[in-house]
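# Observations on the model geometry
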Amino acid sequence: MCSDPSTLNDLSWFVCYLTTGKHLSFYASFGTVLLLLAVTAPVALLLGFGGAMLARSRVAPLSWAGQSYISIVRGVPDIAFFLFFVIALDQAFEYVRHRVLCPDWGQAVYQGNDFVVCPAAKLPLSSAPQWEHEVYGFLLAVITFSLVFGAFAANVLHGAMRAVPRAQIETAEAYGMTQRQAFWRVLVPQMWVYALPGLSNLWMVLIKATPLLFLLGVEDIVYWARDLGGSKTPQFTDYPHGDWRMWYFLFLLVFYLAFTKVSEVLLNRLMRRLTHGQAIAGGEAQRKSALEGAA
Amino acid sequence: MSCWDTVQSYAFRSLGYGERLLPSTDFTMCQQVTLIGSGLLWNIYFGALSLVAGFFLATAVALARTSHHVWLRKPAEWFVFVFRGSPLFIQFFFGYFLFLSLKGQFPGLGILTSAWLGALVVLFLNTAAYSAEIFHGALQAIPRGDLEAADAYGLSGWTKFRRIVWPTMLRLAWPAYTNEAIFLFHATTLVFFTGFPAIQQKGDALYYASYFADKTFNPFVPYPILAGYFILLTLSIVGLFYLGSRRLNRHLPSRSGRWRAKFQVIR
């Protein structure tokens, strides 16, 4: 039915238009965004945990390393980090491969305005299929996002670890726990309720940072919205239309609004569950309202 | 070409003065520092103007959110929801394409498609929404005793707002508002990476930093320069807001240690 779109009425024209191959790629790229979130969030949390442990370490150089990781990433616009890391990581990987794979390569790697490694060290290899290039680009983006958001998470977790009442740790030590035991068995289970508001906020920021994938060269929803929305003339497509980029970006705007709204509702629910039975104001309020309900 | 010559030709390049052609070979450290610094003027322009203008809209929106009239409250809530719930990057894109289609219908509005005004409008609305949320929280947190004392003194309406409500709101909101200002300046780096064109290569600091990184294939010089500039900018914002807080809290005893920028919340 879509063979000759110029004869269709409005509704079926739109049905055909919205199911072209390019539109299917557009819909699939929402999966790219979700995949990025699904990989980045846990990795960033792990990095953040490591960073927070470093920052509270008693060995001064380790503590400085952790604290400077946190404050440098926080003091500079995140988009600058995205643009920096994508090139820097790529060059770092290629440089390491270059040293390992081509030990007798005579020339310098930095030649004036060029970065030249031996062909075998190229990532991905110039002969590699297209999908490998895309996966590599996506991986770079994931590492970059994780490094940046790891620093934000480290900041939140560092604060949360300090917010756990000191008496809890002292009690644990009085019971004869070692420092390590007190950390893993008392501090870590209790810190989450203090960390959750900050982590929820971070999750929202992470969602709102995903369109920056576009700047890292990944074919994400912004890429497709620009590509599909631009005006099309009848010579090149069966579905000519004017400049519809405004509508495509309106759609993305609505998508993000819905996404953040749903996240907010779910996180509030999680917060209620975590607060349950905790010795903080929220937990006390829950206990009181439960008592009043029973009475 | 000495470094001083470079400074003379490129210090105001981002505004269109000086040398027309950007350096394209034999890049020196001096060129990179000068041009990126020149671009920073745009970041300061966008950040400062939208912050000042956004401040007034934010106060109005925050007040509207506490209003009893549904017709005031609902639009204010939606305004905050839309601008806080969606990425600024998408807002820039949408704004630019919206202005483009407006230009098609009303040619007089074509001026909005240039970055200096169009991006400023988007940033202004965005920061107004974030600040309104902060101010709204502060309005809710004003101690009831303060309001009752104002009533007891016979203050009402505009006088009560100007003398009691507004200063207290600012005092409570100040640490979070400092944070918002810092992130707003960071967000200004997005402008030239969305639809808004950098006409004749007149761009902001990040625009020039990425220009050098693309040309030299060496990200390890321009981006640290950019980072240095932004750390300086952040420190100056913190300094300015510290002066502001000193003024706001000048009636309170023991000034030292009263104020600390809170970096816990990010936008």
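Predicted model only: the values in this text are computed from it and were never measured.

Right, let's talk about the packing of helix α2 (residues 29-65) of chain B against helix α7 (residues 157-187) of chain B for a bit. Residue and element names in this part refer to chain B. Packing of α2 against α7 leaves a shortest axis separation of 11 Å and a crossing angle of 140°. Regarding the angle of α2 to α7, the classification is oblique. You can see that α2 and α7 cross each other, and the crossing is right-handed. Between α2 and α7, the residues in contact are N43, I44, G47, A48, S50, L51, F55, T59 and L63 and F161, W166, M169, L170, Y177, A181, L184 and F185, respectively. Broken down by class, the residue content of the contact of α2 with α7 amounts to 13 nonpolar, four polar and no charged.

If you look at the interface, chain A gives 38 residues, while chain B gives 44 residues. Both faces considered, chain A and chain B share a buried interface measuring about 3,700 Å² in area, 74% of it formed by carbon and sulfur atoms. Listed by contribution, the elements that provide at least two residues to the side of chain A that touches chain B are α3 (60-75), α4 (78-101), β2 (114-115), α5 (130-163), α7 (179-209), α8 (221-229) and α9 (245-275) of chain A. Of all the elements, α9 of chain A adds the most residues to the side of chain A that touches chain B, at ten residues. Looking at the side of chain A that touches chain B, its residues break down into 25 nonpolar, six polar and seven charged.

Residues and elements named next belong to chain A. One can read the domain layout of chain A as domain 1 (30-219) and domain 2 (223-295). Taking the mean C-alpha position of each, domain 1 and domain 2 sit 25 Å from one another. Listed as interface residues are 19 residues of domain 1 and, on the opposing side, 18 residues of domain 2. Summed over both partners, the interface of domain 1 with domain 2 buries about 1,700 Å², with 82% contributed by carbon and sulfur atoms. The interface formed by domain 1 and domain 2 includes zero salt bridges. Counting across the interface, domain 1 meets domain 2 through two residue pairs in polar contact (both at pLDDT 80 or more). Contributing elements (two or more residues each) for the side of domain 1 that touches domain 2: α2 (21-55) and α7. Ranked by residue count, the leading element in the side of domain 1 that touches domain 2 is α7, at ten residues. In the side of domain 1 that touches domain 2, the residues fall into 15 nonpolar, two polar and two charged.

Moving on to the state of the cysteines. Following the criterion strictly, the structure yields two disulfides over all chains and no others. Here C102 of chain A connects covalently by a disulfide to C118 of chain A, the sulfurs 1.7 Å from one another. Taking the torsion about the sulfur-sulfur bond, which here is approximately 65°, the covalent link between C102 of chain A and C118 of chain A counts as right-handed. With C102 of chain A in the loop between α4 and β1 (110-111) and C118 of chain A in the loop between β2 and α5, the pair connects residues that are 16 residues apart, well separated along the chain. A sulfur-sulfur distance of 2.0 Å marks the disulfide that ties C3 of chain B to C30 of chain B.

Residue and element names in this part refer to chain B. Although it is not a glycine, Q200 sits at a positive phi angle of roughly 50°. By the secondary structure assignment, Q200 is in the loop between α7 and α8 (205-216). With a relative accessible area of 52%, Q200 lands in the exposed category. A positive phi angle, near 55°, is found at Q201, a position not held by glycine. Within the fold, Q201 resides in the loop between α7 and α8.

Parameters at a glance
- Residues numbered from 1 in each chain as written.
- Chains lettered and ligands numbered in written order.
- Predicted model: local features only at pLDDT ≥ 70, side-chain atom pairs only at ≥ 80, totals over all residues.
- Heavy atoms only, no water.
- Axes fitted to C-alpha atoms, helices over the stretch in contact; angles between N-to-C directions.
- Helix = DSSP H or I, 4+ residues; strand = E, 2+ residues; numbered from the N terminus.
- Parallel < 35°, antiparallel > 145°, perpendicular 65-115°, else oblique.
- Left-handed = near helix turned anticlockwise from the far one by under 90°.
- Contact = heavy atoms within 4.5 Å.
- Nonpolar A, V, L, I, M, F, W, Y, C, P; charged D, E, K, R; others polar.
- Buried area = accessible area lost by both parts, 1.4 Å probe.
- Domains from an automatic or database assignment.
- Salt bridge = Lys/Arg side-chain N within 4 Å of Asp/Glu carboxyl O.
- Polar contact = N/O pair within 3.5 Å; in protein donor to acceptor, adjacent residues only side chain to side chain.
- Disulfide = S-S within 2.5 Å.
- Buried < 20%, exposed > 50% of the residue type's maximum accessible area, 1.4 Å probe, protein only.

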